[in-house]
Amino acid sequence: MADIPVYLVAGFLDAGKTNFINGILEDGFAREDPTLLICCEEGEEEYNPNALDNVTVINFEDASQLNPSNLKALEKKYSFRQVIIEYNGMWSLRPFYEGALPTNWVLYQIMTFVYAPTFELYAANMGQLMMEKIMNTDLLVFNRCTAQLRESLRSRNLRMVNRQAEIYLENEDGTSEDYQLGDESPFDLDQPVIDIPDNDFGVWYVDVMDHPDRYDGKTIHTKLVMCHSKKYPGVHCPGRFAMICCENDIQFLGLIARGEMLDDYENRDWLEVTAKMSLEDHSAYQGKGPVMKILTAAPCEKAAQEVVSF
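Treat the numbers as computed from the prediction; the structure is a model and nothing was measured.

> What is the right way to look at a negative patch on the surface in this model?
On the surface, a cluster of negative charge is contributed by Asp-14, Glu-42, Glu-44, Glu-45, Glu-46, Glu-61 and Asp-62. Among the residues examined, Glu-44 registers a relative accessible area of 72% and is labelled exposed.

Below, the structure is given as structure tokens:
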């Protein structure tokens, strides 16, 4: 049984999902093969009827309709080689991940679109729905960005939420910019010991996770919260708690650490460490990642701001 690739287009109402889909129907990959288009949300924009000659459009009004039985029935009834789903922004993605697709339907890519002028409003009032889409997407596009909005979005450091996605800021004139403007480190890497201030831990965490090679062999000094991994018994992963988007979205940012003295600390103990960084293979990273070899460790006072924010 041949695999059927599935492309999920996510975002809230008026985020630009339909316009994007029209683009791939008219000039993109959907022109090449018969396509099933499942529409889960009805907005002001409509699909271009001139681009639907090899497209079957099905409307779903409830998330429960996205289930293997319904989708297999569509596969038997219609002839298509790929599927595009315009997902309803008010639906959680969790049920979709937990078994919506038949076994031969393979989720190839998630693309998320955000109307930049309303991002702060949605993040404040529907943070969980917004952030789960950003956290799991492969492509993230913010539409209608002004200079002020671009600055605000970059200051949030959304790379903290999703380090793998391609992120673009689309301007009001239709041009676009990469979310990251440059590859420079925010820290002076020529120091004998790189001091990571309490308030800058989140910035450093993003940098060391995105560019672990630049810290290979460097010595750092910072405050951490102790954590002994439950998933990987015997593994230490101290770090900091961080508020990624809102108060309901607190995550722990930990790094693999080695040092016999770490056994002396309980979970959530605060410690001040000096560590030599290395780049190593580890199952927690599913490949290479930053590892701290703890040179010194001592109990310390909590940081004035216990939870890192961005």
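Structure shown, so let's carry the discussion forward.
> How should I be thinking about the environment of Met-135 in this particular structure?
Here Met-135 shows up in helix 5 (residues 127–136). Residues Met-135 and Arg-159, spaced 24 residues apart in sequence, show a C-alpha to C-alpha distance of 9.5 Å.

> Please explain the sheet that holds strand 1 (residues 4–10) as it appears in this structure.
Each strand in a sheet pairs with its neighbour through backbone hydrogen bonds, running either in the same direction (parallel) or in the opposite one (antiparallel). The 8 strands lie next to each other as 3-2-4-1-5-6-7-8, forming an open sheet whose pairing is mixed. Pairing within the sheet leaves two strands with one partner each, and these edge strands are strand 3 (55–59) and strand 8 (176–178). Going from strand to strand, the sheet's axes swing by 20 degrees on average, the running direction of each strand aside. Note that strand 5 (residues 105–115) and strand 6 (residues 139–145) share 5 bridges and pair parallel. Each bridged residue has a counterpart across the sheet, and for Val-114 the counterpart in strand 6 is Phe-142. Along the sheet face, helix 1 (residues 17–26) touches strand 1, strand 2 (35–39), strand 3, strand 4 (82–86) and strand 5 and points at about 160 degrees away from the line of strand 4. Along the sheet face, helix 6 (residues 147–155) touches strand 6, strand 7 (166–171) and strand 8 and points at about 145 degrees away from the line of strand 6.

> For this particular structure, what's the right way to read the environment of Arg-144?
Following the sequence through the fold, Arg-144 ends up in strand 6. Placed 119 residues apart in sequence, Arg-144 and Leu-25 show a C-alpha to C-alpha distance of 22 Å.

> Explain unusual backbone geometry here, please?
Most peptide bonds adopt trans geometry, and most residues besides glycine take a negative phi value. Positive phi values are uncommon outside glycine, yet Asp-14 reaches one of about 70 degrees. Tracing the backbone shows Asp-14 in the loop between strand 1 and helix 1. Even without being glycine, Gln-286 reaches a positive phi, approximately 55 degrees. The exposed category is assigned to Gln-286, whose relative accessible area is 78%.

> Would you explain the pattern of salt bridges in this entry?
A side chain with one charge can pair with a side chain of the opposite charge if their charged atoms come near. With the rule as written, the count across this model stands at 11 salt bridges. The closest approach of N and O atoms between Glu-132 and Lys-133, which form a salt bridge, is 3.7 Å. Residue class for Glu-132 comes out buried when judged on its relative accessible area of 14%. Using a relative accessible area of 1% as the deciding quantity, one classes Lys-133 as buried. Here Asp-207 makes a salt bridge to Arg-214, at a shortest N to O gap of 2.5 Å.

> Sorry if this is basic, but what is going on with helix 6 here?
Owing to its 3.6 residues per turn, the α-helix aligns residues three or four sequence positions apart on the same side. Listed as buried for helix 6 are Leu-149, Arg-150 and Leu-153. Across the axial projection of helix 6, the buried residues extend over an arc of 100 degrees, all falling on one side. Structural note: helix 6 exposes Ala-147, Gln-148 and Glu-151 on the side pointing more than 90 degrees away from its buried face. For helix 6, the elements touching its buried residues are helix 4 (119–125), strand 6, strand 7 and strand 8.

> In this structure, what is going on with the nonpolar core? I would like to understand it.
Soluble globular proteins tend to bury their nonpolar side chains together. Within the largest apolar cluster, 30 residues are counted, with the highest numbers of intra-cluster contacts made by Phe-201, Trp-204, Tyr-215, Ile-220, Leu-255, Met-277 and Met-292. Elements supplying a minimum of two residues to this core: helix 7 (201–210), strand 10 (219–225), strand 13 (256–258), strand 14 (270–282) and strand 15 (287–299). Per-element accounting of this core gives the leading share, 5 residues, to helix 7. Setting aside chain neighbours within four positions, we find Met-277 in contact with Trp-204, Val-208, Tyr-215, Asp-216, Gly-217, Lys-218, Ile-220, Leu-255, Pro-290, Val-291 and Met-292. Counting 22 residues, the second-largest nonpolar core is a separate cluster that includes Ile-38, Leu-74, Phe-80 and Phe-96.

About the criteria used
Residues numbered from 1 in each chain as written. Predicted model: local features only at pLDDT ≥ 70, side-chain atom pairs only at ≥ 80, totals over all residues. Heavy atoms only, no water. Patch = residues over 30% accessible without salt bridge, like charges linked within 9 Å, V, L, I, M, F, W, Y side chains within 5 Å. Areas by Shrake-Rupley, 256 points an atom, 1.4 Å probe, with all protein chains shown as cover. Salt bridge = Lys/Arg side-chain N within 4 Å of Asp/Glu carboxyl O. Lys, Arg positive; Asp, Glu negative; His and termini not counted. Charge placed at Lys NZ, Arg CZ, Asp CG, Glu CD. Buried < 20%, exposed > 50% of the residue type's maximum accessible area, 1.4 Å probe, protein only. Helix = DSSP H or I, 4+ residues; strand = E, 2+ residues; numbered from the N terminus. Pairing = 2+ DSSP bridges. Axes fitted to C-alpha atoms, helices over the stretch in contact; angles between N-to-C directions. Contact = heavy atoms within 4.5 Å. Arc of directions from axis to C-beta. Core = buried A, V, L, I, M, F, W, Y, C linked by side-chain atoms within 4.5 Å.

Function-wise, these values are silent; they only describe arrangement.
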